[in-house]
Amino acid sequence: MELSREHYYRHWRQRLAWLQHYLKVRFKHKERPTVLRLSKFIPAGGVVVDVGAHFGYLSKEFCRIHNGSCKVYCFEPVEYTYSILSRIMAAYPNAVIENIALSDKAGTERISIPVKESGNLGIGLSHFGAETLRDYIIEPINTVPLDDYVKRHNIERLDFIKCDVEGAEWLVFKGGSQSLDKFRPVIYTELKDAATQRLGYRAQEFFSFLIDKGYRAHTLDTQGVAHRVESYTDEVEDYLFLP
């Protein structure tokens, strides 16, 4: 059932959760090991795009690698999440923070934010498509294709894309198809069949889309070693696609 967005954003319990979220991302570095493993696939002075930047756990670590020489574009459309991300990333001059979603077309979209059993919002579970398992709130957001954004901002290189958008991954890369062809960035993306089916496609279809673009899929182990995989499997959530 759809619930009141205004009620949840104003409720004292969610405001307390906001403070807890902010303090965790401000002082914890839980994604540093992951980004350090990924850093060998990102050149010094490179351009990183963080799609679904959330609170900034990965974004801030991308800003730190290679002595802060990379430029990091952070895309986060949800007002609640962006309000934390923008404060965290203000400390990094090499970050660009955008309160928009990357998708396959420019316009507006409705994003569903589930309500957890605790009564707090499941911000990290926000997604396009219908929410059928839990109560939820709806937030209107703005969307833009990556190709349009690259042209509008005269971006001349694109080295690495991290994408975590709860099933809308194919929309992001459809809207960035020309950029993939031109720049051949490394791609690190979450891919879950249960999430993609909300938007009417299977994870293997998106997997094959990138393979047809000339990418090879890998998993990344805890030592940062990439292992080739030939097809999508439910046993893996995060894939590294190398051109």
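In case you missed it, the structure is sitting above this.
Residues numbered from 1 in each chain as written. Predicted model: local features only at pLDDT ≥ 70, side-chain atom pairs only at ≥ 80, totals over all residues. Heavy atoms only, no water.

## Focus: the packing of helix H4 (residues 57–68) against helix H5 (residues 79–89)
In helix packing, the relevant descriptors are the interaxial angle and the interaxial distance, both defined with respect to the helix axes.
So, step 1. Put simply, H4 and H5 touch, their axes get as near as 10 Å, and they point 20° apart. Relative to H5, the element H4 lies roughly parallel. Of the two possible hands of crossing, H4 and H5 adopt the one that is right-handed. Contact residues: Ser59, Lys60 and Cys63 in H4; Leu85, Ile88 and Met89 in H5. (Axes fitted to C-alpha atoms, helices over the stretch in contact; angles between N-to-C directions. Helix = DSSP H or I, 4+ residues; strand = E, 2+ residues; numbered from the N terminus. Parallel < 35°, antiparallel > 145°, perpendicular 65-115°, else oblique. Left-handed = near helix turned anticlockwise from the far one by under 90°. Contact = heavy atoms within 4.5 Å.)

## Examining the environment of Phe128
So, step 1. Mapped onto the elements, Phe128 comes out in the loop between strand E5 (107–114) and strand E6 (136–144).
So, step 2. Accessibility expressed as a relative area gives 8% for Phe128, which makes it buried.
So, step 3. Once the C-alpha coordinates of Phe128 and Arg110 are considered, the two residues, 18 residues apart in sequence, prove to be 6.7 Å apart.
So, step 4. Beyond its immediate stretch of four places on either side in the chain, Phe128 contacts Ala101, Ser103, Glu109, Arg110, Ile111, Ile141, Thr143, Ala168, Leu171, Arg198 and Leu199. (Buried < 20%, exposed > 50% of the residue type's maximum accessible area, 1.4 Å probe, protein only.)

## Things to note about the sheet that holds E5
So, step 1. The strand order across the open sheet formed by three strands is E4-E6-E5, and the pairing between neighbours is mixed. Whereas interior strands pair on both sides, the edge strands pair on one side only; in this sheet they are strand E4 (101–102) and E5.
So, step 2. As defined by bridge partners, E5 adjoins E6 across eight bridges and the pair is classed as antiparallel. Paired with Glu109 across the strands is Ile141, a residue of E6. (Pairing = 2+ DSSP bridges.)

## Focus on the pairing of E6
So, step 1. Most of E6 sits inside the fold, with seven of its nine residues counted as buried.
So, step 2. In this sheet, E6 lies alongside E4 in parallel orientation, the contact comprising two bridges. Note that in E6 the partner of Leu102 across the bridge is Val144.

## Things to note about H4
So, step 1. Its 12 residues place the ends of H4 16 Å apart at the C-alpha level, agreeing with the 16 Å of an ideal helix rising 1.5 Å per residue.
So, step 2. When we look at burial in H4, the residues that qualify are Tyr57, Leu58, Ser59, Lys60, Glu61, Phe62, Cys63 and Ile65. (Expected span 1.5 Å × (residues − 1).)

## Focus: the nonpolar core
So, step 1. Of all hydrophobic cores here, the largest spans 78 residues; its most connected members are Phe62 and Phe173.
So, step 2. In this structure Phe173 touches Ile161, Cys163, Leu180, Ile187, Thr189, Phe206 and Phe209, once residues within four positions along its chain are discounted. (Core = buried A, V, L, I, M, F, W, Y, C linked by side-chain atoms within 4.5 Å.)

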